[in-house]
Amino acid sequence: MAGALRKPQVRAAALVLPLSVFILATFVAPLVTMLTRSVYDPMVADAMPETLALLREWDGQDAPSEAVFEVASREMLKARDDRSLGRVATRVNRVEAGLRSVIMKSARRLRLVNEVDSWRDAMISISPKWGEAKTWRAIRRAGERITTRHYLHALDLQRDADGNVILQPPQRRVYLPLLRRTLAVSLGITVLCLLLGYPLAYLIAQAPPRRANLLLLLVLVPFWTSLLVRTTSWIVLLQTEGVVNDLLVALGLIADENRISMIYNMTGTVVAMTHVLLPFMVLPIYSVMRTIPPLYMSAAASLGASFPQAFRRVYWPQTLPGVGAGSLLVFILSIGYYITPALVGGQSGQLISNMIAYHMQQSLNWGLAAALGSILLGCVVALYLLYDRVVGIDRMRLG
Amino acid sequence: MTVSGGGWERAGRVSHLAFCAAVFLFLIAPILVIIPLSFNVEPYFTFTEGMLRLDPEAYSLRWYRTVAEDEGWRRALANSLIIGIAATALATALGTLAALGLASPAMPGRPLAMSLLISPMVTPVIISAAGMFFFYSKMGLAQTHLGLVLAHAALGTPFVVITVTATLAGFDPNLTRASASLGAGPVRTFARVQLPIIAPGVVSGALFAFATSFDEVVTVLFMGGLDQRTVPRQMWSGIREEISPAILAVATFLIAFALVFMLVVERLRRRAGG
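Q: It is not clear to me how the overall build of chain B should be interpreted in this structure. Could you clarify?
A: Check the secondary structure of chain B and you find 12 helices and zero strands. Listing the helices and strands of chain B from first to last along the sequence gives α-α-α-α-α-α-α-α-α-α-α-α. On C-alpha atoms alone, chain B measures out to a radius of gyration of 24 Å, which is more than a quarter above the 19 Å that the 2.2 N^0.38 rule sets for 274 residues. On the principal axes, the C-alpha backbone points of chain B span a range of 75 × 75 × 35 Å. The buried share of chain B, reckoned over its 274 residues, is 45%. Taking contacts inside chain B between residues at least 6 apart in sequence as the whole, the part at least 24 apart equals 76%.

Shown next as structure tokens:
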């Protein structure tokens, strides 16, 4: 061991190893768990194994045989006893709405039944839904251990009666419009940050060193300030009884009863997120601008180029690596943004990550949350690879 | 022609300056506006007439007292410090070691290792937090301090790796060789030769890691229970539920904290020549 450590390769790798193991265990393993969860769901399969075995042989057209009813009622009662029935019913309900109450009610009533001639009649008398093939198909679908249904759901797709994948009718689409909105908002914020950040970076790059350092600090203040503090600031400024509205009323620009709603909507999300992400645009552009020798612009001017000409033909092309880095960084950060839209976005300013949080914490549809998360992760990884190509991950710097 | 050209140029320069001043205002004003409002004697989020008249009666420390006397905020601060310090210690130790390895030209598979180690920083935290919730629940680490320490340490390590690697970029490997040839072992070489050189990077990285943990709310929302409420978690419910100016007092405290951290990191960066 000590001998091997004398080799530089082995020593370098041994230094990197502890952190690699740590990241794999505390960070990568969770991501893998999430990806697994998005396609693997054994809940119903474990609770009703025999029913599902019988249903797999069933043709799916007419109501299944008496044997299926008998096994199903036994397994439902067993699940009720070990308190897993509620979760099983919820899973089935996600395939076919309305079945949760049918399952819960049936199990409650069936417990009181001792002897029956026909489990089929008993169940159908509790709910006629048991007589429909659709109900049993839903149970069979919910019983798939490996399933694509979370992804279908997350992309607003569904299976029709023949099992073909089709798009949901427009009024029932939720996630595709949200994904589109997230991408559009992220793009808008990126453009906004570029428009605000580029001239700022230029000013700092042109300033004498001492002043440049001071200006850079001004950019870094928001970068270091707690996200929640900055979000609170925007609430204080923009709410209807807030500072900006008060100012506008005091200046007589708007009437007291016509205060503008600038927060708890998309405007709030865009303004607050631009504020949060602007430093991530300014810093990479500035660090590229700093390396451009001022001689090039003087040379262009001495050759007769006007300032706009020289800027467009000489300066701007050289800043493109910084513009690319800043834009990609801002875009990547904004498509995964959660806190700010959740606090100042209201209804209309929600993004895809808010939907993930909703399914994690409120609807408890963790399979769907995992599928949405995996799709978002896919987008980020694609952009990250792009970033690596354009900028190089090694060159990532802080400030 | 030269006159009009100069005129245009001046107009351009002035409008550029005015534009930049407006952007700086946009960056800084929202943060500054919180500070005077936190001294408001009234439970409002806006300037009262008394405040505008600079009437001392309109200002008070009442919200600071509220926060200082509140059991919830006190526990939140304790939790934030415990989790933050433990996560920082873990992240700094592991991150510094890894950076030393990454900076060595002999390191095999450097780009791959770098991508792995940086990944917690570029993954949207909502995704990390969702995955951690699933995985840490399975391991029995949800709703424990240990779970949050591990989560925050994972999120903080990339900063340590990046800052320490940056200070090592200018490190002359001959120095370690010289130290070794003079009979120092690897541990002694590290302590006496490398550590003093990379110290600014290590401290900056640690400050970044601590700031990350101290500001992190999503993993706390997903994995923390009532006993793991941190300062940002407490602010989160403060903003969502009972929005009171006490939040502004906490915010002012956090701004002061951020300024101190920023100035220290900038000093260190300049000293490291980064």
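Having seen the model, we can carry on.
Q: Help me understand the overall build of chain A, please; the structure alone is not making it clear to me.
A: When helices and strands are tallied, chain A shows 20 helices and two strands. Relative to a compact globule of 399 residues, whose C-alpha radius of gyration would be 21 Å, chain A shows 30 Å and is clearly more extended. Principal-axis analysis of the C-alpha atoms places the extent of chain A at approximately 100 × 80 × 35 Å. Residue burial in chain A is summarised as follows: out of 399 residues, 40% are buried. Long-range pairs, those at least 24 residues apart, make up 69% of the contacts in chain A with a sequence separation of at least 6.

Q: Just checking my understanding: could you explain the interface of chain B and chain A for this structure?
A: The figure often quoted for interface size is the accessible area lost as the parts come together. Taken together, the 78 residues of chain B in the interface contact 71 residues of chain A. Sort the elements by how many residues they give to the side of chain B that touches chain A and helix H1 (residues 2-37) of chain B lands first, with 14 residues. In terms of residue class, the side of chain B that touches chain A is made up of 61 nonpolar, 12 polar and five charged.

Q: For this particular structure, what's the right way to read the nonpolar core?
A: Residues B:Ala130 and B:Val250 are the most contacted members of the largest nonpolar core, which totals 153 residues. With near-sequence residues (within four places) excluded, B:Ala130 lies in contact with A:Met34, A:Ile356, A:Met360, A:Ala369, A:Ala370, A:Gly373 and B:Phe222. Residues A:Val92, A:Val95, A:Ile103 and A:Trp136 belong to the second largest nonpolar core, which totals 27 residues.

Q: What is the right way to read helix H9 (residues 186-215) of chain B from this model?
A: One turn of an α-helix holds 3.6 residues; hence residues three or four places apart share an orientation. In a regular helix each residue adds 1.5 Å, so 30 residues correspond to 44 Å; H9(B) covers only 37 Å between its end C-alpha atoms and thus falls short of that length. At B:Leu195, H9(B) is deflected by roughly 60 degrees, the largest bend along its length, and proline B:Pro196 occurs up to four residues later in sequence.

Q: What am I meant to see in the packing of helix H4 (residues 71-103) of chain B against helix H7 (residues 145-169) of chain B here?
A: Relative orientation and spacing of two packed helices are given, respectively, by the angle between their axes and the distance between those axes. All names here are of chain B. Packing of H4 against H7 brings their axes to within 6 Å, and their N-to-C directions diverge by 40 degrees. By the angle between their directions, the pair H4 and H7 is classed as oblique. Of the two elements, H4 crosses H7, and the hand of that crossing is right-handed. A breakdown of the residues in the contact of H4 with H7 according to their chemical character gives 18 nonpolar, nine polar and no charged.

Q: Help me understand unusual backbone geometry, please; the structure alone is not making it clear to me.
A: Among all residues except glycine, the phi angle is most often negative; among peptide bonds, the trans geometry is most common. Residue and element names in this part refer to chain A. Despite not being glycine, Asp156 shows a phi value in the positive range, around 60 degrees. On the secondary structure map, Asp156 appears in the loop between helix H10 (149-154) and strand S1 (157-159). What makes Asp156 partly exposed here is the crowd of 18 C-beta atoms within 10 Å. The backbone of Tyr264 shows a phi angle near 60 degrees, a positive value even though the residue is not glycine. Here Tyr264 shows up in the loop between helix H14 (243-250) and helix H15 (266-289). By the C-beta count within 10 Å, which is 19 here, Tyr264 ends up partly exposed.

Q: Explain the environment of B:Gly238 here, please?
A: Looking at the element boundaries, B:Gly238 is found in helix H11 (residues 231-240). Contact partners of B:Gly238, with chain neighbours within four places excluded, come to B:Ile243, B:Ser244 and B:Ile247.

Q: Would you mind going over the confidence of the model for chain A with me for this structure?
A: Interpretation of the predicted coordinates at a detailed level should be avoided for regions scoring low in pLDDT. For chain A, per-residue confidence averages 89 on the pLDDT scale, and 96% of positions sit at 70 or higher. Confidence scores differ between elements of chain A, with helix H1 (residues 2-5) of chain A showing the lowest mean pLDDT of 61 and helix H11 (residues 175-206) of chain A the highest of 95.

Q: It is not clear to me how the environment of B:Phe214 should be interpreted in this structure. Could you clarify?
A: All names here are of chain B. One can find Phe214 in helix H9. Distance from Phe214 to Val231, taken between C-alpha atoms, is 7.6 Å for residues 17 residues apart in sequence. Residues contacting Phe214, with those up to four places away along its chain left out, are Ser80 and Gly84.

The rules behind these values
- All chains use their own residue numbering, which begins from 1 and follows the written sequence.
- Here every chain gets a letter starting at A, and every ligand a number starting at 1, in the order they are written.
- Selection of residues for local features in this predicted model requires a pLDDT of at least 70, selection of side-chain atom pairs for listing and counting requires 80 or more, and totals for whole chains, interfaces and linings are taken over all residues.
- Put simply, DSSP marks the helices as runs of H or I at least four residues long and the strands as runs of E at least two long, and each gets a number from the N terminus on.
- Every radius of gyration here is taken over C-alpha atoms, with the globule rule written as 2.2 Å times N^0.38, N being the number of residues.
- Exposure classification rests on a simple neighbour count of other C-beta atoms within 10 Å of a residue's own: a residue reaching 20 or more is buried, one at 12 or fewer is exposed, and one in between is partly exposed. C-beta atoms are placed from the backbone.
- Residue pairs are scored as contacts if the distance between their C-beta atoms, which are placed from the backbone, is within 7 Å.
- We call Asp, Glu, Lys and Arg charged. Ala, Val, Leu, Ile, Met, Phe, Trp, Tyr, Cys and Pro are nonpolar, and the rest, Gly among them, are polar.
- Put simply, a nonpolar core is a cluster of buried Ala, Val, Leu, Ile, Met, Phe, Trp, Tyr and Cys residues tied together by C-beta atoms within 7 Å.
- Any helix carries an expected span of 1.5 Å times its number of residues minus one.
- Throughout, the bend at a residue refers to the angle made by two axes, fitted to the seven residues ending there and to the seven starting there.
- The axes are straight lines fitted to the C-alpha atoms, using for helices just the contacting stretch, and the angles between their N-to-C directions are given from 0 to 180°.
- When describing relative orientation, an angle under 35 degrees is termed roughly parallel and one over 145 degrees roughly antiparallel, while 65 to 115 degrees is termed roughly perpendicular and anything else oblique.
- Should the near helix be turned anticlockwise from the far one by less than a right angle, the crossing is termed left-handed; should it be turned clockwise, right-handed.
- How sure the predictor is of each residue is captured by pLDDT, a score from 0 to 100.

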